[in-house]
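# Working through the structure, step by step
Here is how the chains run, residue by residue.
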Amino acid sequence: MRSRLLLPLIGAASALVLSGCGRPPAPDVRPGSAAPGSATAPAPRGDGRIADDRGLSPFETDHVALTELDPRLLRAVRQAAARAKTDGVDLFITSGWRSADYQRRLFDQAVTQYGSREEAKRYVLPPEKSAHVRGEAVDIGPTDAADWLGRRGAAFGLCQVYANEMWHFELATRPGGACPPQLPDATAAEY
Ligand SMILES: [Zn+2]
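Summary of the structure given here. (Residues numbered from 1 in each chain as written. Predicted model: local features only at pLDDT ≥ 70, side-chain atom pairs only at ≥ 80, totals over all residues. Heavy atoms only, no water.)

### Section: the overall build of the protein chain
Within the protein chain, the regular secondary structure consists of 7 helices and 4 strands. Listing every helix and strand of the protein chain by position from the N terminus yields α-α-α-α-β-α-α-β-α-β-β. With 191 residues in all, the protein chain has 47% of them scored as buried. Counting contacts in the protein chain only where the partners sit at least 6 residues apart, residues at least 24 apart contribute 63% of the total. Here the protein chain displays about 9,500 Å² of accessible surface, and carbon together with sulfur accounts for 55% of that area. (Helix = DSSP H or I, 4+ residues; strand = E, 2+ residues; numbered from the N terminus. Buried < 20%, exposed > 50% of the residue type's maximum accessible area, 1.4 Å probe, protein only. Contact = heavy atoms within 4.5 Å. Areas by Shrake-Rupley, 256 points an atom, 1.4 Å probe, with all protein chains shown as cover.)

As structure tokens, then:
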């Protein structure tokens, strides 16, 4: 089961590790606003890396990858996870909030792997562009859970933002609304 689920991702080699990285321009982001993880908040513990390959339960309460998320996003994911459970789907967060340093390391790794900054940005954005660093994105696993959320997430305001990252979700509509069309990849969100 697990190997079948991972197959579509093998082309993007370390996509599971590097996932998620971009975002569309958000009209409500103001320079200097106190986003989770911003300089005005106390320094969070750790860099947000999730060691468990399976990911974290969305109901985990003491991991910085979750506690630094936008509370609205975490609430929506928890509601979705509870609903998924009733469909027999266990939903995990494989990546949530990331420190800027951690995101920088992921980006540098991707540049090495893909050979250029431009190609790397299709899979992982630099820290100043990443919704993960702002606490506004989660990566969901395993694949059946991401698939479930892709079909049902709009009921909770959760949308797949990038066509090449089926695991990456952001709050992008009102609960029960329609998700915006997906961008082809994270580079499309830059301009
Ligand atoms: Zn992501």
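### Quick notes on unusual backbone geometry
Following Gly141, the chain continues to Pro142 via a peptide bond in cis, the omega torsion being -10°. Within the secondary structure, Pro142 sits in the loop between strand 2 (138-141) and helix 7 (143-152).

### Topic: the coordination of the zinc ion
Ligation of the zinc ion by protein atoms is provided by His132 (NE2), Asp139 (OD) and His168 (ND1), these donors lying 2.0 to 2.1 Å from the ion. Summarised as a motif, the one-chain spacing of the donors to the zinc ion is H-x6-D-x28-H. One end of the pair, His132, is in the loop between helix 6 (117-120) and strand 2; the other, His168, is in strand 4 (residues 168-171), with 36 residues separating them in the sequence. An identical accessibility class is assigned to His132 and His168; each is buried. (Donors = N, O, S within 2.8 Å, 3.2 Å for Na, K, Ca; no water.)

### Remarks on the state of the cysteines
Covalently bonding the sulfur atom of one cysteine to the sulfur atom of another cysteine gives a disulfide. In total, this model carries 1 disulfide according to the counting rule given. A disulfide bridge connects Cys159 with Cys179, and the sulfur atoms are separated by 2.0 Å. The sign of the S-S torsion, about -90°, decides the handedness of the disulfide formed by Cys159 and Cys179: left-handed. Here the residue Cys159 occupies a position in strand 3 (residues 158-160), and Cys179 occupies one in the segment after strand 4, the gap between them amounting to 20 residues. Judged by relative accessible area, Cys159 falls into the buried class, the value being 1%. Among the residues examined, Cys179 registers a relative accessible area of 32% and is labelled partly exposed. (Disulfide = S-S within 2.5 Å.)

### Focus on the nonpolar core
Core analysis: the largest hydrophobic core is formed by 26 residues, its most contacted members being Val77, Leu91, Ile93, Val138, Ile140, Leu149 and Leu158. Sorting the residues of this core by element identifies helix 3 (64-67), helix 4 (71-86), strand 2 and helix 7 as the ones contributing at least two each. Once residues within four sequence positions are removed from consideration, Ile93 is found in contact with Ile50, Gly55, Leu56, Pro58, Leu66, Leu74, Val77, Val138, Asp139 and Ile140. Formed by 8 residues, the second largest nonpolar core is a distinct cluster that contains Tyr102, Phe107, Tyr114 and Tyr123. (Core = buried A, V, L, I, M, F, W, Y, C linked by side-chain atoms within 4.5 Å.)

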